[in-house]
Amino acid sequence: MQCKLTITKGILSGSAYQLRPPCSITMGRSSACEINLKKDLRLSRVHCQIEITDNGAFITDLNSSNGTFVNDQKIISQPLNNNDSIKIGSTTFVLEIELDKPEETDSQSAVEIAGYKIVEKIGEGGMGTVFKAIQVSMNRIVAFKVLNVREGDVEEAGKKFLREAQTGAKVTHGNIVRFYDCGCDKGLYYVVMEFIDGTPLDKLMENSPNHRLPFQQVVSIANQLCDALDYLYTMKLVHRDIKPANIILQEMDIAKLTDFGLAKRFQGSLLSGLTMEGEGKGTLIYMPPEQIDDALHADHRADIYSLGATMYHMLTGRIPFYGTTLQNLIYQVENAYPPKVHEINPEVPRKLSKVVEKCMQKDKNRRYQSAAKLKEALSS
C-alpha cells in the first residue's frame, strides 16, 4: 500500500507527499513537523498527526487550537479512506490510497523444496515469508514458511525458527493452526503448516468501513481466541505475539490463531536459552509493558493484554498507541492509556469497552487472570 497526500488549497497548493507504511508524520507550523506549513497562521505549532500502517491510514488531532476536519467533520482521531479531504487551518489536503498489486506467479515454473511445490507468496512477517504450496507426496495444499535470512548467525536463527514448528506440533485445537513438518533443504529453513482458506484480521479490517468490525463479530472472535489461549495455558504455553495479522478468519467466522515464532513455555523457560534476560520480543503496539523489557518472564497475562489490544483495534479501527519515534511509542505503551473504545465507536456497548480496558491494564495483576475469566466477562 502507498499513499499520496496532495495540498489542494492553501499557500503550498499543488505540493504532494508520497507515504509508504510504516510511517508517521506531523503537520503544523513548527519546523520539527515533517510537513511544515509555517505560513499558515491558523495552524497550531504541532497540529495533527497522520499514521500510515499496513492496516490503513489514521489521523489524530494533537489538541490544536482550530481543530482538524475530515470531509468537513471535526475529528479527534479516526481512520482515513481513499479520497478523504483533510482541512487544517487554511490548508486542505486530499489523501489517495493505492493498494499494492499482487505478484504474478507462473505455476509451470514453480520451485520445489523438500517435496513441496511452491505456488504463490501469501504473506511475510518478521521471521519468515509464507507461501501457498503443494505437498507432492500427499497432494494437499499447505502453508510453507521459509526463514528470512538476514545478518548474523543463520544456523542459530534457523534453530529458533524451527522451534516454532516444534512448539506448534504439540498443539491440537480447532482455533489454532496445525503444524505438519519442518526442516532445512537447499540452505533454506522451512516450517509447513495447515493452509487456512480465510482472511487475516488486518486485511479484513483494511477493507471494512472505518476499518472496524461489528462488535458482535469481535465478541465471537474473542471468545474463540479465549478458548485457544485457555488450551495453551493448560500446556504451559504463552504465545507472545497475538495481533490481527496472526489471526485468520475462515467462513462461518471461525478464527484460527497462527504464528508461534515467539511462543514459549512460561514454566521451565530458563532451559530454552532462546530468549535472553531483559530482552523484549513481540509486536510493540499490541505488547504489554512487562514484555517490552523482559519477554522471558512474560506469562499468559501478556496474551490477555495483547488480545485486548487486538479487540481495541477491531472495535475502533485504529491501533491503541501512536508514536513519532520508537522511544515515544514505548513511552505510550508503558505509561499512557488510549481513548476508551466507546468514545471512539459509540456503537460499542460500554460493558464491552470496559472489558477491553481491563485487558489492557498496565499492571498484569489488574487484568483478567485467565482466558476463561475473560470469556466469562465477554459472555455476561
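Source: prediction; values computed, not measured. (Residues numbered from 1 in each chain as written. Predicted model: local features only at pLDDT ≥ 70, side-chain atom pairs only at ≥ 80, totals over all residues. Heavy atoms only, no water.)

Undergrad: Would you mind showing me how to read the pattern of salt bridges here?
TA: Two side chains of opposite charge can pair, provided their charged atoms sit close to one another. All chains considered together, the criterion is met by 6 salt bridges. The salt bridge partner of Lys-375 is Asp-227, with a shortest N-O separation of 2.8 Å. Here Asp-227 lies in helix H3 (residues 215-234) and Lys-375 lies in helix H9 (residues 371-379), a separation of 148 residues in the sequence. Exposure remark for Lys-375: the relative accessible area of 28% places this residue in the partly exposed category. On the accessibility criterion, Asp-227 (29% relative accessible area) is partly exposed. (Salt bridge = Lys/Arg side-chain N within 4 Å of Asp/Glu carboxyl O. Helix = DSSP H or I, 4+ residues; strand = E, 2+ residues; numbered from the N terminus. Buried < 20%, exposed > 50% of the residue type's maximum accessible area, 1.4 Å probe, protein only.)

Undergrad: How do you make sense of the nonpolar core when you look at a structure like this?
TA: Side chains of nonpolar character tend, in soluble globular proteins, to be buried together. In this structure, Ile-221, Leu-257, Met-311, Met-314, Leu-374 and Leu-378 are the most contacted members of the largest nonpolar core, which totals 54 residues. For this core, the element with the highest residue contribution is H3, accounting for 9 residues. One finds Leu-19, Ile-35, Ile-50 and Ile-59 within the second-largest nonpolar core, a separate group that totals 23 residues. (Core = buried A, V, L, I, M, F, W, Y, C linked by side-chain atoms within 4.5 Å.)

Undergrad: Would you mind going over the packing of helix H5 (residues 300-316) against helix H8 (residues 350-359) with me for this structure?
TA: Two quantities define a packed helix pair, namely the angle between the helix axes and the distance between the axes. Interaxial distance between H5 and H8 falls to 7 Å at its minimum, and their mutual angle equals 140 degrees. With respect to each other, H5 and H8 are oriented oblique. Considering only the axes of H5 and H8, their crossing is left-handed. Residues Ile-304, Tyr-305, Gly-308, Met-311, Tyr-312 and Leu-315 of H5 pack against Leu-352, Val-356 and Cys-359 of H8. Among the residues making up the contact of H5 with H8, the classes are represented as 8 nonpolar, 1 polar and no charged. (Axes fitted to C-alpha atoms, helices over the stretch in contact; angles between N-to-C directions. Parallel < 35°, antiparallel > 145°, perpendicular 65-115°, else oblique. Left-handed = near helix turned anticlockwise from the far one by under 90°. Contact = heavy atoms within 4.5 Å. Nonpolar A, V, L, I, M, F, W, Y, C, P; charged D, E, K, R; others polar.)

Undergrad: Honestly, the packing of aromatic side chains in this entry has me stumped. Any pointers?
TA: By convention here, two paired aromatic rings are described through the distance between centres and the angle between planes. One pass over the full model with this rule turns up 4 aromatic pairs. An angle of 55 degrees between the planes, with centres 6.2 Å apart, marks the rings of Tyr-116 and Tyr-190 as tilted. Within this pair, whereas Tyr-116 is found in strand S13 (residues 116-124), its partner Tyr-190 is found in strand S17 (residues 188-194), the two being separated by 74 residues in sequence. Neither Tyr-116 nor Tyr-190 differs from the other in exposure class; each is buried. Sitting over the ring of Tyr-180, Arg-140 keeps its end group 3.9 Å from the ring centre. (Phe/Tyr/Trp six-rings, centres within 6.5 Å; stacked < 30°, edge-to-face > 60°. Lys NZ or Arg CZ within 6 Å of the ring centre and 35° of its normal.)

Undergrad: What exactly am I supposed to notice about the environment of Ile-122 here?
TA: Tracing the backbone shows Ile-122 in strand S13. Distance in space between the C-alpha atoms of Ile-122 and Ala-143 is 8.7 Å, their sequence separation being 21 residues.

Undergrad: Looking at this model, I keep getting lost on the environment of Ile-118. Mind explaining?
TA: As for its position among the elements, Ile-118 is in strand S13. Spatially, the C-alpha atom of Ile-118 lies 7.8 Å from that of Phe-144, the residues being 26 residues apart in sequence.

Undergrad: How do you make sense of the sheet that holds strand S15 (residues 140-147) when you look at a structure like this?
TA: The strand order across the open sheet built from 6 strands is S12-S13-S14-S15-S17-S16, with neighbouring strands paired in antiparallel fashion. The sheet is open, and its two borders are formed by strand S12 (112-113) and strand S16 (179-185), each paired with just one other strand. Here S15 pairs with S17 via 5 bridges, running antiparallel. When the sheet's bridge partners are listed, Val-146 is paired in S17 with Tyr-190. (Pairing = 2+ DSSP bridges.)

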